[in-house]
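What the coordinates show
One letter stands for each residue in the lines below.
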Amino acid sequence: FSYGILIMRKLLALAGEYLNEGFDIELVEAHHNKKADAPSGTAKLLVKSVNDALPLPRTVVLAHDQGKRNPHVIGVHAIRAGAIAGDHTVLFASESESIEISHRAFSKEVFAQGALRAAAFIVDKSKGLYSMDDLL
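Chains are numbered independently. Their residues run from 1 in the order of the written sequence. Note on the predicted model: pLDDT of at least 70 is required for a residue's local features to be given, and 80 or more for side-chain atom pairs to be given and counted; whole-chain, interface and lining totals, by contrast, use all residues. The side-chain quantities take in all heavy atoms of the structure and omit both hydrogens and water.

A word on the overall build of the protein chain
Starting at the N terminus, helices and strands are each numbered in turn, a helix being any DSSP run of H or I of at least four residues and a strand any DSSP run of E of at least two. Of the regular secondary structure elements, the protein chain holds three helices and five strands. When the elements of the protein chain are put in sequence order from the N terminus, they spell out α-β-α-β-β-β-β-α. Here the protein chain holds 136 residues, and the buried ones make up 35% of them. Contacts spanning at least 24 positions in sequence make up 67% of the contacts within the protein chain whose residues lie at least 6 apart. By element, 58% of the accessible surface of the protein chain is carried by carbon and sulfur atoms, the whole surface being about 8400 Å². Summary of the burial criterion: residues with accessible area below 20% of their type's maximum are buried, those above 50% are exposed, and those between are partly exposed, where the area comes from a 1.4 Å probe applied to protein chains only. Here, residues are in contact when the closest pair of their heavy atoms is within 4.5 Å. Note that accessible areas follow from Shrake-Rupley with a 1.4 Å probe, and for residues the cover is restricted to the protein chains shown.

Side note on the sheet that holds strand β3 (residues 73–80)
Paired through backbone hydrogen bonds, the strands of a sheet run either parallel or antiparallel to each other. Following DSSP output, two strands are said to pair if at least two bridges run between them. Spatial strand order, β2-β3-β1-β4-β5: five strands in an open sheet with mixed pairing. What marks the edges here is a single partner per strand, and that holds for β2 (59–62) and β5 (98–105). Pairwise comparison of adjacent strand axes, ignoring direction, gives a mean angle of 15° for this sheet. Axes here mean lines fitted to C-alpha atoms, for a helix over just the part in contact, with angles spanning 0 to 180 degrees between N-to-C directions.

A few points about the pattern of salt bridges
We define a salt bridge as a contact between a side-chain nitrogen of Lys or Arg and a carboxyl oxygen of Asp or Glu at a distance within 4 Å. Inspection of every chain in the model, using the stated rule, returns six salt bridges. The partner of R69 in a salt bridge is E26, and the shortest N-O contact between them spans 2.6 Å. Highlighted residues: R69 in the loop between β2 and β3 and E26 in strand β1 (residues 24–31), separated in sequence by 43 residues. Judged by relative accessible area, R69 falls into the partly exposed class, the value being 23%. Between E29 and R80 there is a salt bridge; the shortest N-O distance is 2.9 Å. In this pair, E29 sits in strand β1 while R80 sits in strand β3, placing the two residues 51 residues apart along the sequence. Here R80 falls in the partly exposed class, since its relative accessible area comes to 23%. Salt bridges linked by common partners bring D24, E26 and R69 together as one network.

Examining helix α2 (residues 41–53)
Given 3.6 residues to a turn, an α-helix orients residues that are three or four positions apart in the same direction. Between its first and last C-alpha, α2 extends 19 Å over 13 residues, near the 18 Å set by a 1.5 Å rise per residue. Within α2 the residues assigned to the buried category are A43, L46, V47, S49, V50 and N51. Each element contacted by the buried residues of α2 is listed here: α1 (3–18), β1, β2, β3 and β4 (86–93). Between the first and last residue of a helix there are one fewer steps than residues, each counted as 1.5 Å, and that sum is the expected span.

Side note on the pairing of β5
Both β4 and β5 contribute to a ladder of eight bridges, which runs antiparallel. By the bridge assignment for β5, H88 is matched with H103. The turn linking β4 back onto β5 is made up of four residues.

Some points on the environment of R69
Sequence separation between R69 and D24 is 45 residues; the distance between their C-alpha atoms is 8.7 Å. Residues in contact with R69, not counting those within four places in the same chain, are D24, I25, E26 and G75. What qualifies as a polar contact is a pair of N or O atoms within 3.5 Å, subject to a donor-acceptor requirement within protein and to the restriction that residues adjacent in sequence count only when both atoms come from side chains. Side chain to side chain, R69 and D24 meet in a polar contact 3.5 Å long. At a separation of 2.9 Å, a polar atom in the side chain of R69 contacts the main-chain carbonyl oxygen of I25.

Quick look at α1
With 16 residues, α1 extends 24 Å between its outermost C-alpha atoms, agreeing within 8% with the 22 Å of an ideal straight helix rising 1.5 Å per residue. Listed in full, the buried residues belonging to α1 are I5, L6, M8, R9, L12, A15 and G16. Taken together, the buried residues of α1 touch α2, β4 and β5.

By themselves, these are just geometric observations and shouldn't be taken as functional.
Given below as structure tokens:
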């Protein structure tokens with residue numbers, strides 16, 4: 001329900017459209033040490049936002065234990081430590097430059113704020129299926 005993640009997804013789609021040739025793509029995410037899933041659902045959603053914008057979707061690889069980097073993959077790295085509410089960074093790196101798009105949740109309150117924003121949006125809408133994307 002984070003509004004910032006919603007905006008990040010839009011930015012990643014734009015980046016994926018323009019930074020697909022000659023750019024490696026990596027996602028690093030961090031959460032608290034009690035989080036049960038890795039990678040997180042948010043990380044999977046962000047990778048999907050990038051992959052959907054690419055002319056040829058890439059295979060998602062968790063970490064890099066295969067040695068030399070394959071240019072046809074998106075690497076995903078999950079960190080579980082301390083009390084981190086949620087950090088997500090997507091890196092687009094070529095041989096000569098890089099761009100990072102990041103979101104950091106300082107507390108879990110951000111998710112409640114997003115839910116309240118969604119509730120305010122939906123209160124006068126007709127019956128139907130809506131997603132966070134409809135907030136934009």
